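# Residue-level structural notes
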Amino acid sequence: MGSRRGGGAVSPSKRGVTAVIGLVLLIGLVATVSVGILLIAGDTMNDAEQRSENERVEQSFVEMSQQMATVSSNTDISRTMEFDAGERGALVKTETGTINISGPDLNETISIPIGAVEYEGDDGTRISYQAGGVFRETGNETRVVSAPPVYYDNKDNTFSFPITEMNDDTQLGSGDVRMSHADTTAYTNVTYVEQSTVTVEITSEYCVGWEAYFDGQTANAEGQAITERCGNDNTMIVELGRTEVEGDFSQAVYAGGGGIELGHHHAEIDGNVTTDGEIHGSGDVTGTETEGNQQSIPSFDSVIQSKVDGAERGDGEPIDLGENKTTLEGGKTYYDPDGFDLQNDVTADLDDGNVTLIVDGDMKFTNSDLTVDPTGAADNTSFQVFSTGDMAIDNQDVCVGSCDYGSGDAKSLQIYGTSSMLVHVGTGNSKFEGILYAPRDEGYAESEGIDHCSHDVNGTEPDVCIAGGGGKAQIFGTIIAGPMYVDNNFEIEHDTSLTGFEPDVRHGVLPPRLTYLSIAVHEIDVENN
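Computed from a predicted model, the values in this text were never measured in an experiment.

Moving on to the overall build of the chain. Scanning the chain for helices and strands turns up three helices and 39 strands. Within the chain, the proportion of its 529 residues that are buried is 48%. Considering only contacts in the chain between residues 6 or more positions apart, those separated by 24 or more positions represent 67%. When the accessible surface of the chain is totalled, it reaches about 24,300 Å², and 44% of it is carbon and sulfur.

Right, here's the structure in full:
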C-alpha cells in the first residue's frame, strides 16, 4: 500500500461528517418539536382560560343588570356585588348612543342619551350592558344574553321602557362593585291616542345586539316591524304594535257606532250578533243577541293608510284589476291605485302562497265575479284586500272556491276597510263569502249626509246596507263593521270555523290599544368599593 505524500494532516472521512451533521439535525428536530408542543399547549391553555373568563364576565354582567334594575326602581337603596371584570377590566361609558321614542300622536319625540358598561377580552369578545340589556359579540355573531326591559301591559294599555343611564365615565376592576341611584327623569302618564304604533329608534355601538333582540320580539311581523336595520350609522328603527286583528270572530255580525235593523221578516242572521246600539225589526236572529256592548273595536284606518303608503313606495305590483289583470298569483302583493269596477271575472290563486291586494279607491262587483281558489294551498293561506274606499256587490259572487259556503272556507278571503267604508249589497243573487272587517268605533254625524241606503238604523245612516229582494242573497262568514240594515229575502250565516280564529295582517304591525307611555331614565352611579 502506498503512503500519502506531503506529510499533512489526514482529513476526516465524509461518512464521519455526515454522521455528525445527522446527529446535530436530529437534536435540532427534537428541540423544535418539543418547543412546538409547548407552544401549542400554551395556546390551548390560553384559549381555554379566555373562554372561561368570558363566561364568568358574562354571568357577572347578567347579575349586574338585575342589581341595576333593583336600584333604579328604589331611590333609597344601593347594591354591592362581587364583579368579575376579567384581567383587563371593564369600562363605564356615558355616551354610547341615543334612544328616540316617537309616534303619530306624540307632541314631540322623546330623545334619551344612553351609556354602557363594556368588557373586551383578548380574543375580541365584547360583552356589553346598555339600557337594561346585556349583549355579547363574538366575531360576526351577536346574541342577546339578557333582554332589555321593554314591556306592554294590556291590562292598563301602557307601554313601559325604564332606561338605565351611567352617571360618570369610569373603569371597573374585578372585586366589589357598588351601584347606587343618582337621579330619575320620568316621562310618566304621557297621554297617547289609541290606534297609534310606537316607533323606537336606537343609535348605538351595540346596534346589532338591539336589532337581534327586536328581531326575536317581532317575529310574527315577518321582519317588517324593523323598518331600518343597522348600517354604517349604527342606527335601527322598529315599529312596535301587534300582528293579530282585534275582534270576536265568533259573531256573525258585530255592528259598532250604531245598531242593526232587520227590515223584513225574511231577513235572517244565523249566528251571534253584537252591537253597541240596539237591534230592531221583524227579521230573525238565531244566535245570541247582545245590545249596548261597551267594548268597541278600534278602526283600521291607520293600518290601511300605512299599506297604501307602502304600495306607493313600491311595495306592490301596480295593476288595473279586471281590465289588464284577471289572475292574482300566490306569493305576490298587488296595488290598484284608482279602485275598480270589475269588467272581467278575477281569480286569486292561493296555490303558491298568500295574495295581498291594496286598493286606493272603491271596489265595485256589479258586472263580474271575484273568486278565491284555495286548491293546493297550505293551511291559513288567504287573499287579503285592503281598501280606502267603499264596496258594492250587485247580483255577483265574491266568494271562495265553488261558492258552496262550506265551513272553513270564509277565512280564505279577508277584506279590510276603513271606518268610513260603505258596503252596499244590491238586489238579485248577490253572494259574499269571507271576512269583512271595517270597524267603526263611533257613529256618523248627521252633517256627513250619507245617502247610499234608503233606510236608517236607529236614526243613523248604516255603513252596511243590504237591500235584498229579487233572488236569494247570502253572506257567509263574519261582518265586523258599522251600523247595518238588512232588507227582504237575505240571509247572513256565520262560518263557525271562524270562532277562535285570529287573522294576522301580513307584512307589518298593527296599532295596539295604547293609552299611556311610561318612560323613565334612571341615572346610576357604578364604582368599585
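Next comes the rest of the description.
Another aspect to go through is the pairing of strand β8 (residues 158-166). Summarising burial for β8: eight of the nine residues are buried, a large majority. Bridge analysis of β8 against strand β39 (residues 516-528) gives nine bridges, and the strand direction is parallel. Looking at the pairing, P162 lines up with A520 of β39.

Another aspect to go through is the nonpolar core. Ranked by size, the top nonpolar core spans 50 residues in total, and within it F383 and I492 carry the most contacts. Counting residues per element, this core draws most heavily on strand β36 (residues 473-481), at four residues. Other than its neighbours up to four places away in sequence, F383 contacts L328, A348, L350, V355, L357, L370, V372, S412, L413, Q414 and R506.

What follows deals with the sheet that holds strand β35 (residues 464-466). Across the sheet, eight strands lie side by side as β18-β15-β37-β35-β33-β30-β27-β24; this open sheet has parallel pairing. The open sheet has two edge strands, β18 (279-281) and β24 (340-341), and neither has a second partner. Inspection of the sheet shows strand β27 (residues 363-365) paired to strand β30 (residues 391-393) by three bridges, in the parallel sense. Of the residues in β30, the one forming a bridge with F365 is I393.

Further remarks concern the pattern of salt bridges. Where charged atoms from two side chains of opposite charge come close, those side chains can pair. By the definition in use, this model includes 13 salt bridges. Of the charged contacts in the structure, one is a salt bridge between R56 and D84, with a shortest N-O distance of 2.8 Å. Pair noted here: R56 is in helix α1 (residues 14-73) and D84 is in the loop between β1 (78-83) and β2 (90-102), with a separation of 28 residues, a long-range link. Residue E118 is joined to R126 by a salt bridge in which the shortest nitrogen-to-oxygen separation is 3.1 Å.

In this fold, E53 is placed in helix α1. With no salt bridge to any partner, buried E53 finds its closest opposite charge in R56, at an N-O distance of 4.4 Å. Within the local environment of E53, its side chain forms a polar contact with the side chain of Y119, the two groups lying 2.7 Å apart. Not counting the four nearest positions on each side in its chain, E53 is found in contact with G86, E87 and Y119.

This part is about the packing of aromatic side chains. Given two aromatic rings, one states the distance between the centres and the angle between the planes to describe the pair. One pass over the full model with this rule turns up eleven aromatic pairs. Aromatic side chains F135 and W210 sit 5.3 Å apart centroid to centroid with 55° between the ring planes, which places their arrangement in the tilted category. Separated by 75 residues along the polypeptide, F135 in strand β5 (residues 133-138) and W210 in helix α2 (residues 207-217) bring together distant segments of the chain. Relative accessible area serves as the criterion here: at 1%, F135 is assigned to the buried category. Classification of W210 as buried rests on a relative accessible area of 0%. Pairwise contacts between aromatic rings join F135, F161, W210, Y213 and F214 into one cluster. When the ring centre of F386 is taken as origin, the NZ or CZ atom of K307, which lies over that ring, is 5.0 Å away. When the ring centre of F501 is taken as origin, the NZ or CZ atom of K411, which lies over that ring, is 5.5 Å away.

Turning our eyes to something else, we now look at helix α3 (residues 301-312). Here α3 spans 17 Å end to end across twelve residues, near enough to the 16 Å set by a 1.5 Å rise per residue. Buried within α3 we find V303, I304, K307, V308, G310 and A311. Down the axis of α3, the smallest arc covering the buried residues is 160°, so these residues share one side. Where the residues of α3 are buried, they touch β23 (332-336), β26 (355-359), β29 (383-387) and β32 (413-417). A positive phi of about 115° marks G314, the residue just after α3.

Let us look at the state of the cysteines. The tally for this structure, following the rule as stated, stands at two disulfides. Shown here is the disulfide that connects C207 with C230, its sulfur atoms set 2.0 Å apart. Taking the torsion about the sulfur-sulfur bond, which here is approximately -95°, the covalent link between C207 and C230 counts as left-handed. With C207 in helix α2 and C230 in the loop between β12 (226-228) and β13 (235-240), the pair connects residues that are 23 residues apart, well separated along the chain. Classification of C207 as buried rests on a relative accessible area of 1%. Bridging C399 to C403, the disulfide has an S-S length of 1.6 Å. For the pair shown, C399 and C403 are each scored as buried.

Now for the environment of A481. Within the secondary structure, A481 is located in strand β36. Expressed as a C-alpha distance, the spacing of A481 and A255, which sit 226 residues apart in the sequence, is 5.3 Å.

One non-glycine residue, N234, lies in the positive phi region at around 55°. Inspection of the secondary structure assignment puts N234 in the loop between β12 and β13. For N234, a relative accessible area of 33% translates into the label partly exposed. Of note in this structure, N395 is not a glycine but carries a positive phi near 60°. Its place among the elements puts N395 in the loop between β30 and β31 (397-400).

Moving on, we get to a negative patch on the surface. Where like charges cluster on the molecular surface, the negative patch consists of E95, D168, D169 and E527. Looking at where D169 falls in the secondary structure, it is placed in the loop between β8 and β9 (170-172).

Conventions adopted
Residues numbered from 1 in each chain as written. Predicted model: local features only at pLDDT ≥ 70, side-chain atom pairs only at ≥ 80, totals over all residues. Heavy atoms only, no water. Helix = DSSP H or I, 4+ residues; strand = E, 2+ residues; numbered from the N terminus. Buried < 20%, exposed > 50% of the residue type's maximum accessible area, 1.4 Å probe, protein only. Contact = heavy atoms within 4.5 Å. Areas by Shrake-Rupley, 256 points an atom, 1.4 Å probe, with all protein chains shown as cover. Pairing = 2+ DSSP bridges. Core = buried A, V, L, I, M, F, W, Y, C linked by side-chain atoms within 4.5 Å. Salt bridge = Lys/Arg side-chain N within 4 Å of Asp/Glu carboxyl O. Lys, Arg positive; Asp, Glu negative; His and termini not counted. Polar contact = N/O pair within 3.5 Å; in protein donor to acceptor, adjacent residues only side chain to side chain. Phe/Tyr/Trp six-rings, centres within 6.5 Å; stacked < 30°, edge-to-face > 60°. Lys NZ or Arg CZ within 6 Å of the ring centre and 35° of its normal. Expected span 1.5 Å × (residues − 1). Arc of directions from axis to C-beta. Disulfide = S-S within 2.5 Å. Patch = residues over 30% accessible without salt bridge, like charges linked within 9 Å, V, L, I, M, F, W, Y side chains within 5 Å. Charge placed at Lys NZ, Arg CZ, Asp CG, Glu CD.

Coordinates in, geometry out; function isn't part of it.
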